[in-house]
Amino acid sequence: MTKLIALIALTTLFLSGLSAAESPIYVKTTTVAKIYSHENGYKVIYLTNKFESRTLYIPMEWMYQTAGYRTEEGGIKAEVVRGTGAAYPYIQFVWKNGVFHHLRLFVVDNYSDPSWGAVVDSKALGAMFDPKKDLDLKF
């Protein structure tokens, strides 16, 4: 019985590896240390594989269909998913055919959670949320 379970597990891993290699979609999930809400978007501090912090500015325009910043299929480039749980907050980056496609920011539903922060508005910070600018991602 143990050998059968091991064989099924190995077969599943092998087959999932084959389908992942053929897929044009690649998803990277990483932990978020802090999220700052700003009128122009979200300032997100995420952790790299070496637990170094990196800052990302997600423009608000990416979250609305009417803003004109869409994926090639017409979807939004960024979405915020609210919830609770031990994994929150985290972020998923999606690439299609090797090119950044969209992201999902999973945030704690309660704004009093320590993962949320507030920023003092400044024109310099507002300029960081440029919807035309590519993300500077490092993992």
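Residues numbered from 1 in each chain as written. Predicted model: local features only at pLDDT ≥ 70, side-chain atom pairs only at ≥ 80, totals over all residues. Heavy atoms only, no water.

**Some words on the overall build of the chain**
Part 1 of the argument: Summing up its helical and strand segments, the chain has two helices and seven strands in all.
Part 2 of the argument: When the elements of the chain are put in sequence order from the N terminus, they spell out α-β-β-β-β-β-β-β-α.
Part 3 of the argument: The proportion of buried residues among the 139 residues of the chain is 32%.
Part 4 of the argument: Considering only contacts in the chain between residues 6 or more positions apart, those separated by 24 or more positions represent 57%.
Part 5 of the argument: Only carbon and sulfur atoms are counted for the fraction: they give 57% of the accessible area of the chain, which is about 8,900 Å². (Helix = DSSP H or I, 4+ residues; strand = E, 2+ residues; numbered from the N terminus. Buried < 20%, exposed > 50% of the residue type's maximum accessible area, 1.4 Å probe, protein only. Contact = heavy atoms within 4.5 Å. Areas by Shrake-Rupley, 256 points an atom, 1.4 Å probe, with all protein chains shown as cover.)

**Observations concerning the environment of Pro131**
Part 1 of the argument: Looking at where Pro131 falls in the secondary structure, it is placed in the segment after helix H2 (123-126).
Part 2 of the argument: Among the residues examined, Pro131 registers a relative accessible area of 12% and is labelled buried.

**Concerning the layout of surface pockets**
Part 1 of the argument: For the largest pocket, the calculated volume is near 200 Å³.
Part 2 of the argument: In terms of lining residues, the largest pocket is bounded by 13 residues, among which Tyr57, Lys133, Asp134, Leu135 and Asp136 are the most central.
Part 3 of the argument: Counted by class, the lining of the largest pocket contains seven nonpolar, one polar and five charged residues. (1 Å grid on protein atoms, 1.4 Å probe; cavity = no way out; pocket = protein on both sides within 12 Å on 5 of 7 lines; lining within 4 Å. Points joined across faces, edges and corners; volume = space filled by probe spheres on them. Nonpolar A, V, L, I, M, F, W, Y, C, P; charged D, E, K, R; others polar.)

**Looking at the packing of aromatic side chains**
Part 1 of the argument: In the structure shown here, the tally under the stated rule is 13 aromatic pairs.
Part 2 of the argument: Centre to centre, the rings of Tyr88 and Tyr90 are 5.6 Å apart; their planes meet at 65 degrees, and the pair counts as edge-to-face.
Part 3 of the argument: A residue is classified by how much of its surface remains accessible, and Tyr88, at 21% relative accessible area, is partly exposed.
Part 4 of the argument: Residue classification places Tyr90 among the buried residues on the basis of a relative accessible area of 17%.
Part 5 of the argument: Taken together, the ring pairs in this structure connect Tyr26, Tyr46, Phe93, Trp95 and Phe139 into an aromatic cluster.
Part 6 of the argument: Just above the ring of Tyr36 sits the side chain of Lys43; from NZ or CZ to the centre is 5.3 Å.
Part 7 of the argument: Over the face of the ring belonging to Trp62 we find Lys77, whose NZ or CZ atom lies 4.4 Å from the ring centre. (Phe/Tyr/Trp six-rings, centres within 6.5 Å; stacked < 30°, edge-to-face > 60°. Lys NZ or Arg CZ within 6 Å of the ring centre and 35° of its normal.)

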